[in-house]
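Below, each chain spelled out in residue letters.
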Amino acid sequence: MTVDASGDWKRWHEERETQVSAPYGPLALAGTHWVEDHADGLLPGVPGIWAADGDGVRLTATAADGLAVDGEPFAGEIHLAADREPAARVTLGERRLVVLVRENVWGVRDYDPAAATRRAFRGIGATPYDPRWSVPGRFTPYDDRQAVRVDTADGVERALVLAGELAFAVAGRELTLQVAEQADGRLWAVFADPTSGHSSYRFRFLYSAAPDADGSTTVDLNRAQLPPCAFADHFICPFPPPGNTLGLAVEAGERLLV
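Described below are features of the structure shown in this document. Computed from a prediction, not measured in an experiment: that's the story for all the values here.

Applying the stated criterion across every chain yields a total of 16 salt bridges. Of the charged contacts, one joins Glu157 and Arg149 as a salt bridge, the two residues approaching to 3.9 Å between their closest N and O atoms. Glu157 gets classed as partly exposed once you look at its relative accessible area, which sits at 42%. For Arg223, the salt bridge goes to Asp220, with nearest N and O atoms at 3.7 Å. Judged by its relative accessible area of 13%, Asp220 falls in the buried class. Through salt bridges with shared partners, a single network forms among Asp53, Arg58 and Glu77.

Spelled out as structure tokens, the structure:
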């Protein structure tokens, strides 16, 4: 049976555009507010008083604030744990106020379907599928996972936990990426290349299927994708770790916003 790789890629691209432009997709993120940066508990444009409280956030609000918790109007005080983004217990009309934590620092993300970034979206520029960019890869795990400190999109250095190396060859070039491992076993790389910051965004993400027992998987650079911070300035995407800037220009995958 013939596999329609080009058709699969087209469907993937269309699904990506639908996903990022969804009411609570990346384009809807209107703000990320770190609670510790606001000693008075007042977050910009967000009603209520928010304070870090041990293993969560304490929200204090009045009826006049207009907040709801679990779909019901809220007044009083409540302790909130981290949400499973972009779901949120706290809402303000159509806005979702997502509680998150990064390296023990608590914050609130404001998802607004009416965000200007979402209204302005015209699509993701991507290079059409080319089978030469889809190649076999081999994953070699580290003996122990390695936490490296990398800069992130908001200017703060944070840990990126790497599980091993993914080796592959394109156009006769032997290439290697350091990769993290997702909960479902997929491999995730943050990489740059000579097109970064020019004909492509300054760095991109690449996901590969969970490797087989012998470490084999497929590296499909046609599915290199823009990181969330390409869609909204309020994400904290990690920059590529040392060694993940490829010497080969990756003229494939998602490149820039239209």
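Turning next to the layout of surface pockets. In this structure, the largest pocket encloses a volume near 1000 Å³. Looking at the largest pocket, it is lined by 37 residues, and the ones nearest its centre are Arg102, Arg109, Trp188, Phe205 and Pro228. Elements with a contribution of two residues or more to the lining of the largest pocket: α1 (5-20), β8 (95-102), β9 (105-111), β11 (134-151), β12 (157-170), β13 (173-181) and β15 (204-208). Looking at the lining of the largest pocket residue by residue, the classes come out as 22 nonpolar, five polar and 10 charged. For the second largest pocket, the calculated volume is near 320 Å³.

The rules we used
- Residues numbered from 1 in each chain as written.
- Predicted model: local features only at pLDDT ≥ 70, side-chain atom pairs only at ≥ 80, totals over all residues.
- Heavy atoms only, no water.
- Salt bridge = Lys/Arg side-chain N within 4 Å of Asp/Glu carboxyl O.
- Buried < 20%, exposed > 50% of the residue type's maximum accessible area, 1.4 Å probe, protein only.
- 1 Å grid on protein atoms, 1.4 Å probe; cavity = no way out; pocket = protein on both sides within 12 Å on 5 of 7 lines; lining within 4 Å.
- Points joined across faces, edges and corners; volume = space filled by probe spheres on them.
- Helix = DSSP H or I, 4+ residues; strand = E, 2+ residues; numbered from the N terminus.
- Nonpolar A, V, L, I, M, F, W, Y, C, P; charged D, E, K, R; others polar.

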